[in-house]
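Residue-level structural notes
For reference, the chains in residue letters:
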Amino acid sequence: MQVKIQPSLRMGTILLLFLFTSEEACAEIFIKSVKLFIQPRNEVQRSTNVSLKCQAEASHTAGSHLNYKYIFYKNYHIITDQTNATDSLYYIPDARVSHSGRYKCAVVIEEIKKESSAKDLTVKGLLAPVLTVDKLRLTEGHDVTAVCTAEGETGFLTFFFRDGPEELYRVYTNSHKVEQNLKLDKGTVNMFCYYSINLGSTAERSSNSNVISVDIEELEIKPDITVMPSTDVTEGDNITFSCSVNMTHQRNSELRIIFSHGHNTLSLNMTHEDYAMLAKANDSGEYECISSLGGVHKSSSLNITVKEIFSIPFLSIHPDEVFEGEHFDIRCQISSLASRIQREDIKYSIFRDETFVIKDNRYSGTASKATNGKYVCKAEANRIIKESSMLLFGAKVLVSKPEITVDGPVIVEKPFWIRCHSENGSLPITYSLKRNNLILNSTKVSRFQEEARFLALISTPSDITSYMCEAKNNDVSIKMSERLQVTVIVPVGKPLLTVLPVPENIEEGNDVTLICGIAKGSPPISFRFYGSDHTAIHTTTVQSNSSSFVLSRVKRKNSGNYYCEAFNTADMSSRSDIVKVEVEVNNKESVWSERPPDLVDQDSLQSPNEGVVEYTEVVHPQPVDPTQIPLRKGTETVYSELQTSQGAPENINHQSLLEYAELNHDLPEPVD
């Protein structure tokens, strides 16, 4: 009987079998421990045969054959060949100090790896090196070949060649032997060598080698230096330097002699010729002859001091401060001269911007832009020419007529700033603010970004022209500005509200005219009228000092308190007193029940009960009888006789009818 296994059951069985087999395979091998043994011991002397044994303890199922793989490390780097790693022993025959280090091993069984703990191996003992040279006597400039050998040593070595405390050379190598050509100074050199080996964090040093004495014969090429006629030199003297080497016992055409002064090489061929020069003051100092043969250099030097035949000239300008148009002198002078010459022997020349001006020690002229520039002078005697330091001359510019301006608007009785500025003029410039020719304040401008500003205040518009600016940058030239001419804003005075007809005689149906006027104020003037409920009923801006507004065919409900406000660009408003208006119901005809003929039209002749209240602006109302115009202030009625006059008002009283007439007819325009 065959049992059919479902495909899903077959797959599950295979998976279960695979998992079981894998777990069994992993369970076959277990590495318990790995140990490293160093034989014969951890610290040995050089030339000892050392072996490292890696021992592993592992458990596995019976009958299985295990493949062991061993890996050895020194200072955590693999040191064994991985292609053949079946040996559990690592041999170090004839050990050297370079074999010292930190070792460990690892065992790999069927891809299972385990490492031992690390152990230190120390190899003691470095052989003393041996030094040899190719010659014991040589001439200065020749080389000696030195060989230092550390037989049998391995690793990265550093060799040192020394002459007592002085190091002659050092070289880094992986070889146990080095050869080096050395240049030695004159005299006797007691040479030895030693080496060191790098062990990572430390280094081991060998003992010193044998000492070899090498004698170096000096090369007699030191030059002699002379100067003719003597070392006592004055500017203008001709002097000649000579450099020579005694070649009696030296036969070599490669000898070179160089002549120098400080850092400047004057000649490269002093072997066959001398060096001649005209002495100058800056030629003082040390002169040196340097001879050169092969790699050997010898030198001799001497110092000379060159005395001045005359001092360096200097320029001066008189006077110290010169303005354009003024006279000035430029002088070229010297402070000292040698006894061998007279002052008359010195010839002078003056230059401006490197262009010749005059062959003299003095130059005079009238200051202008053409005379500005960089001046130098030259003095000459006995073929010696000396030049002065550069002197910059610039004539100062006289201050120009100042301009007087203001910052922002000018308002009567409010402080404002006045500016003074001259377009031209050398700094510093002193500016003064004057009023009616009296100095109010002064300030000094010393930098271009500075400005002269003065705080001022006026009481009337006409005061503005009393201000002037004064500018000066010397005591001779003083410039005055024009008088200050700017628009002056006069704040509005307290308004006067006039009601026509007289408030006590207003009946329903009448037209009521509100007239708001001010005694002073710069146009444009804005007027705002307020009605019985304290709300604005009309606002207008005019060029005159008064404005009016008409309430057409008033009713009882229009009774109440009325007032007006006035303001202009001075940003200060002013309010009138309140005028109380009573609108009465009265059928009797009254002289005030109708508007004056010049204010009525046919459409307005209606009964008091027709239509609603109308508001009409009247620019310049004319009353019926100007001699009896009632004026109201507060709740009191005041009657004044109308008077008109030509010209400006003087101390206007707001409670007079004369004031009203002047406001509406005779006031002049405010002063700008």
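In short, a report on the structure. Note that the structure is predicted; figures quoted are calculated from it, not measured.

**Focus on the overall build of the chain**
The helix and strand inventory of the chain stands at two helices and 56 strands. When the 672 residues of the chain are sorted by exposure, 40% land in the buried category. The contacts of the chain with a sequence gap of at least 6 include a subset with a gap of at least 24, amounting to 62%. Element-wise, carbon and sulfur atoms account for 49% of the exposed surface of the chain, whose accessible area totals about 38,200 Å².

**Focus on the packing of aromatic side chains**
Within a pair of aromatic rings, the relevant descriptors are the distance that separates the centres and the angle that separates the planes. A complete count under the given rule lists 17 aromatic pairs for this structure. Here F328 and Y363 contribute two aromatic rings whose centre-to-centre distance is 6.0 Å and whose plane-to-plane angle is 75 degrees, an arrangement assigned as edge-to-face. Pair noted here: F328 is in strand 28 (residues 327–333) and Y363 is in strand 31 (residues 362–366), with a separation of 35 residues, a long-range link. By the burial criterion, F328 is buried, and Y363 matches it. Ring plane angle 80 degrees and centroid distance 6.2 Å describe the contact between Y375 and F393, whose orientation is recorded as edge-to-face. Taken together, the positions of Y375 in strand 32 (residues 373–381) and F393 in strand 34 (residues 391–393) put the pair 18 residues apart, joining distant regions of the chain. The residues Y375 and F393 share a single accessibility class, namely buried. Taken together, the aromatic side chains of F241, F259, Y275 and Y287 make up a single cluster linked through ring pairs. One cation-aromatic arrangement involves R453 over W417; the distance from NZ or CZ to the ring centre is 4.2 Å.

**A closer look at the environment of T271**
As for its placement among the helices and strands, T271 is situated in the loop between strand 23 (264–267) and strand 24 (275–278). With relative accessibility at 31%, the residue T271 sits in the partly exposed group. Residues T271 and P223, spaced 48 residues apart in sequence, show a C-alpha to C-alpha distance of 9.9 Å. With residues near it in sequence (within four places) discarded, T271 still touches L255, R256 and I257. Here I257 takes part through its backbone nitrogen, which lies 3.3 Å from a polar atom of the side chain of T271.

**Things to note about the sheet that holds strand 40 (residues 452–456)**
Spatially, 35-37-40 is the arrangement adopted by the three strands of the open sheet, whose pairing is antiparallel. Each edge of the open sheet is held by one strand with a lone partner, namely strand 35 (403–407) and strand 40. Averaged over all adjacent pairs, the angle separating strand axes in this sheet is 30 degrees, with direction ignored. In terms of strand pairing, strand 35 meets strand 37 (residues 416–421) through five bridges, oriented antiparallel. Looking across to strand 37, one finds that I404 is bridged to C420.

**Focus on the side chain of S260**
Following the sequence through the fold, S260 ends up in strand 22 (residues 256–261). With residues up to four places along the chain from it excluded, the contact list for S260 reads T265, L266, E286, Y287, E288 and I290.

**Quick look at the pattern of salt bridges**
Applying the stated criterion across every chain yields a total of 30 salt bridges. With a closest N to O distance of 3.8 Å, E167 and R162 form a salt bridge. Owing to a relative accessible area of 32%, E167 belongs among the partly exposed residues under this scheme. The partner of R447 in a salt bridge is E450, with the nearest N and O atoms 3.4 Å apart. When its relative accessible area of 48% is taken as the criterion, R447 is described as partly exposed. Given the relative accessible area of 30%, E450 is considered partly exposed. By sharing partners, the salt bridges in this structure join D407, R419, E451 and R453 into a single network.

**Topic: the state of the cysteines**
What the rule picks out here adds up to six disulfides. In this model, C148 is linked to C193 through a disulfide, with the two sulfur atoms separated by 2.1 Å. Measuring handedness by torsion sign, the sulfur bridge of C148 and C193 sits at about 80 degrees and is right-handed. Of the two residues, C148 sits in strand 12 (residues 143–149) while C193 sits in strand 16 (residues 187–198), which places them 45 residues apart along the sequence. Here C148 matches C193 in class, with each residue buried. Two residues share a disulfide in this structure: C516 and C564, whose sulfurs sit 2.0 Å from each other. Handedness of the C516-C564 disulfide follows from its S-S torsion of about 75 degrees: it is right-handed.

**Let's talk about the pairing of strand 46 (residues 512–517)**
The element strand 46 is largely enclosed, with a buried count of six among its six residues. With burial as the criterion, each face of strand 46 is covered, one bearing V512, L514 and C516 and the other bearing T513, I515 and G517. Of the strand pairs in this sheet, strand 44 (residues 496–500) and strand 46 are connected by five bridges, and their pairing is antiparallel. Residue pairing in the sheet places T498 in a bridge with I515 of strand 46. Two strands pair when backbone bridges link them, and strand 46 and strand 49 (residues 546–552) are joined in this way by six bridges, in the antiparallel orientation.

**A word on the side chain of R96**
Mapped onto the secondary structure, R96 falls in the loop between strand 6 (89–92) and strand 7 (101–109). Taking the relative accessible area as the measure of exposure, R96 reaches 9% and is therefore buried. Side-chain polar atoms of R96 contact the backbone oxygen of G152, separated by 2.9 Å.

**Quick look at the sheet that holds strand 12**
Sheet strands associate in pairs through backbone hydrogen bonding, adopting either a parallel or an antiparallel arrangement. Taken together, the three strands give an open sheet; going across it, the order is 10-12-15, and neighbouring strands pair in antiparallel fashion. Single-partner strands in this sheet number two, and they are strand 10 (130–133) and strand 15 (177–183). Recorded for the sheet is a direction-independent mean angle of 20 degrees between the axes of neighbouring strands. Taken together, the seven bridges between strand 12 and strand 15 define a ladder with antiparallel strand orientation. Within strand 15, the residue paired with A146 across the bridge is Q180.

**Here's the deal with unusual backbone geometry**
A cis amide bond, omega -5 degrees, links H318 with the succeeding residue P319. The omega angle of the peptide bond from L500 to P501 is 0 degrees, so this bond is cis rather than trans. Checked against the element boundaries, P501 lands in the loop between strand 44 and strand 45 (506–507). The phi angle at R383 is positive, at roughly 65 degrees, despite the residue not being glycine. Within the element layout of this structure, R383 appears in the loop between strand 32 and strand 33 (384–387). The exposure class of R383 is exposed, given its relative accessible area of 53%.

Rules used throughout
- Residues numbered from 1 in each chain as written.
- Predicted model: local features only at pLDDT ≥ 70, side-chain atom pairs only at ≥ 80, totals over all residues.
- Heavy atoms only, no water.
- Helix = DSSP H or I, 4+ residues; strand = E, 2+ residues; numbered from the N terminus.
- Buried < 20%, exposed > 50% of the residue type's maximum accessible area, 1.4 Å probe, protein only.
- Contact = heavy atoms within 4.5 Å.
- Areas by Shrake-Rupley, 256 points an atom, 1.4 Å probe, with all protein chains shown as cover.
- Phe/Tyr/Trp six-rings, centres within 6.5 Å; stacked < 30°, edge-to-face > 60°.
- Lys NZ or Arg CZ within 6 Å of the ring centre and 35° of its normal.
- Polar contact = N/O pair within 3.5 Å; in protein donor to acceptor, adjacent residues only side chain to side chain.
- Pairing = 2+ DSSP bridges.
- Axes fitted to C-alpha atoms, helices over the stretch in contact; angles between N-to-C directions.
- Salt bridge = Lys/Arg side-chain N within 4 Å of Asp/Glu carboxyl O.
- Disulfide = S-S within 2.5 Å.

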